[in-house]
Amino acid sequence: MIRNLHNKIINKEITSEKLTLDYFDAIGKKDKDIFAYLSLTKELALEQAKKVDEKIARGEEIGILEGIPGAIKDVLCMEGVRTTAGSKILDNYIAPYDATAVKKLKEAGAVILGKTNCDEFAMGSSTENSAYGPTKNPHDLSRVPGGSSGGSAAAVAADEAVWALATDTGGSIRQPASLCGVVGLKPTYGRVSRYGLMAMASSFDQIGPFAKTVEDAAIILSEISGRDDMDATSAHSSGKRYEDYLTGEVKGMKIGIVKEYFDSLSEDMKKAMESVVESYKKMGAEIKEIQLPHSKYSLAVYYIIQPCEVSSNLARFDGIKYGLRMDDEKDTDMADLGGLDGTPRTLLETYLDTRKYGLGAEVKRRIMLGTYALSSGYYEAYYIRAQKVRALIKKDYERVFNEVDVILTPTTTAPAFKLGEKVDDPLQMYLEDIFTVTANITGVPAISVPAGTIKVEDKNLPVGFQLMGKWFDEENLLRAADAFEKSKCKNQNAK
Ligand code: GLN
């Protein structure tokens, strides 16, 4: 898709300005229902687009992403633009600088349409935890788009953006990609700089793209990856263009599958996954059964370490440095805080009030869980033990990746669920991450690719499958994903 649009721009079949305006039109028509965007950056977008058109008019060469419109998840800072992280506590926060990934996209000439909705501070699996209201699934407006990057996924699925940038800490790119029928890539931990991303769980967080095709995701990755002095965990990528590795060939590639994962699925899901496996066999890949014995602890490990890191990272939102500050008596219920009418407010009251009113229920739950797990006496029993199990899970992956090139699993256990269905049951919501968290625990790259649709009630809802690759081997991961996509296209054309 990006390549097509790029060709149209350089052949003067369309201007970037016209393309950008078409996308704003689509947003105007559809986003009242879908609510993918929290804010639009129209002025900037048109300025960016015009620059590209001027280059074309001057006969200059342009890069592949130049003039192509996309969206940014609202946990990524963009200079001069409201950046809320889906939270009331940052309702009035204007970011003073660009996140490195955003800066790189700007430098690549990409057009940025706006900031997309997400679960508050990226905690959730349905986008229902956004303080600004939920995003709806474009395939069925009564269903969730997944989360936490539901806005970014829905924007791409509904053609309200060509591409979107998002973050994945436990599955927040891949799960919504699966539920919205688009491609979602979580790169290797360290592949993309996290500078300018609102830190949630820093040892898991990674930035990646949503797109309609694997090639588009590869193009975005090529632009945003690489070493950044502002993030000590970022790695050199030696200027690789990941889209150059998409040969459509998987002959001889070894793909690992875990039998129990498939056995646990509903009949429909199992069928969808088995047909993916069959396609790979037909293309000449070798399917191998593998064992990942410690992965059954992944969800438990994640939901101990993640809240611990959250409780520490979110301590910075106290009403002093960023966003909302509750320091006016009329703003609040003083009795609740033990204060007395008429007395000057204390710093502690400002902290407490700001966090009480500014943060939502799920974020508070995680802060409390994390604070508990890190407290003296429990730290060894929970946090340290979880870190030890994390090391065992990683060892399983190291062993298995000596035997296979990629691992294939479902991305989710089912297609999109109804709005409201899981919102009062945190455990059910956490189970959404069952197939995705392990890639964050181990740091390996992983991608969700549309597998097909499943009929639910009167709708055909999309589901994805997941491929996980070796550390820093996005080339083979993307090659495998792209080969499936190409084989599906061929089949459809043959029909
Ligand atoms: N659903 C997971 C959580 O709530 C993952 C979120 C994410 O990847 N940002 O923590």
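First, a word on scope: everything that follows refers to the structure included in this document.

**A closer look at the packing of aromatic side chains**
Here's step 1: Considering all chains together, one arrives at 17 aromatic pairs under this definition.
Here's step 2: With centroids separated by 5.5 Å and ring planes inclined at 20°, the aromatic side chains of tyrosine 379 and tyrosine 383 adopt a geometry described as stacked.
Here's step 3: Their ring planes at 65° and their centres at 6.1 Å tell us that tyrosine 397 and phenylalanine 401 sit as a pair that is edge-to-face. An identical accessibility class is assigned to tyrosine 397 and phenylalanine 401; each is buried.
Here's step 4: Here the aromatic cluster, defined as three or more aromatic residues joined through ring pairs, consists of Tyr93, Phe121, Phe317 and Tyr322.
Here's step 5: Sitting above the plane of the tyrosine 132 ring, arginine 82 keeps its charged end 5.3 Å from the centroid.
Here's step 6: The ring of phenylalanine 417 has lysine 422 lying over it, and the distance from NZ or CZ to the ring centre is 4.5 Å.

**Some thoughts on the pattern of salt bridges**
Here's step 1: Here the structure, examined in full by the defined rule, presents 29 salt bridges.
Here's step 2: For lysine 106, the salt bridge identified is with aspartate 98, shortest N-O distance 2.9 Å.
Here's step 3: The closest approach of N and O atoms between lysine 281 and glutamate 278, which form a salt bridge, is 3.5 Å. Residue lysine 281 and its partner glutamate 278 are located together in helix 9 (residues 267-282), separated by 3 residues, close to a single helical turn.
Here's step 4: For lysine 281, a relative accessible area of 43% translates into the label partly exposed.
Here's step 5: With a relative accessible area of 39%, glutamate 278 lands in the partly exposed category.

What counts and how
Counting starts from 1 at the beginning of each chain's written sequence and moves along it residue by residue. Only residues with pLDDT of at least 70 are given local features in this predicted model, and only at 80 or more are side-chain atom pairs given and counted; all residues enter the totals for whole chains, interfaces and linings. Water and hydrogen atoms were dropped before computing side-chain values, which therefore reflect all heavy atoms in the structure. The aromatic pairing rule takes the rings of Phe, Tyr and Trp, using the six-membered ring of Trp, and pairs them if the centres are within 6.5 Å, calling planes under 30 degrees apart stacked, those over 60 edge-to-face and the rest tilted. Summary of the burial criterion: residues with accessible area below 20% of their type's maximum are buried, those above 50% are exposed, and those between are partly exposed, where the area comes from a 1.4 Å probe applied to protein chains only. A positively charged side chain is recorded as over a ring if its NZ (Lys) or CZ (Arg) lies within 6 Å of the ring centre. The angle to the ring normal must also be within 35 degrees. Any carboxyl oxygen of Asp or Glu that lies within 4 Å of a side-chain nitrogen of Lys or Arg is treated as forming a salt bridge with it. Per the convention used, a helix needs a DSSP run of H or I reaching at least four residues, while a strand needs a run of E reaching at least two, with both numbered from the N terminus.

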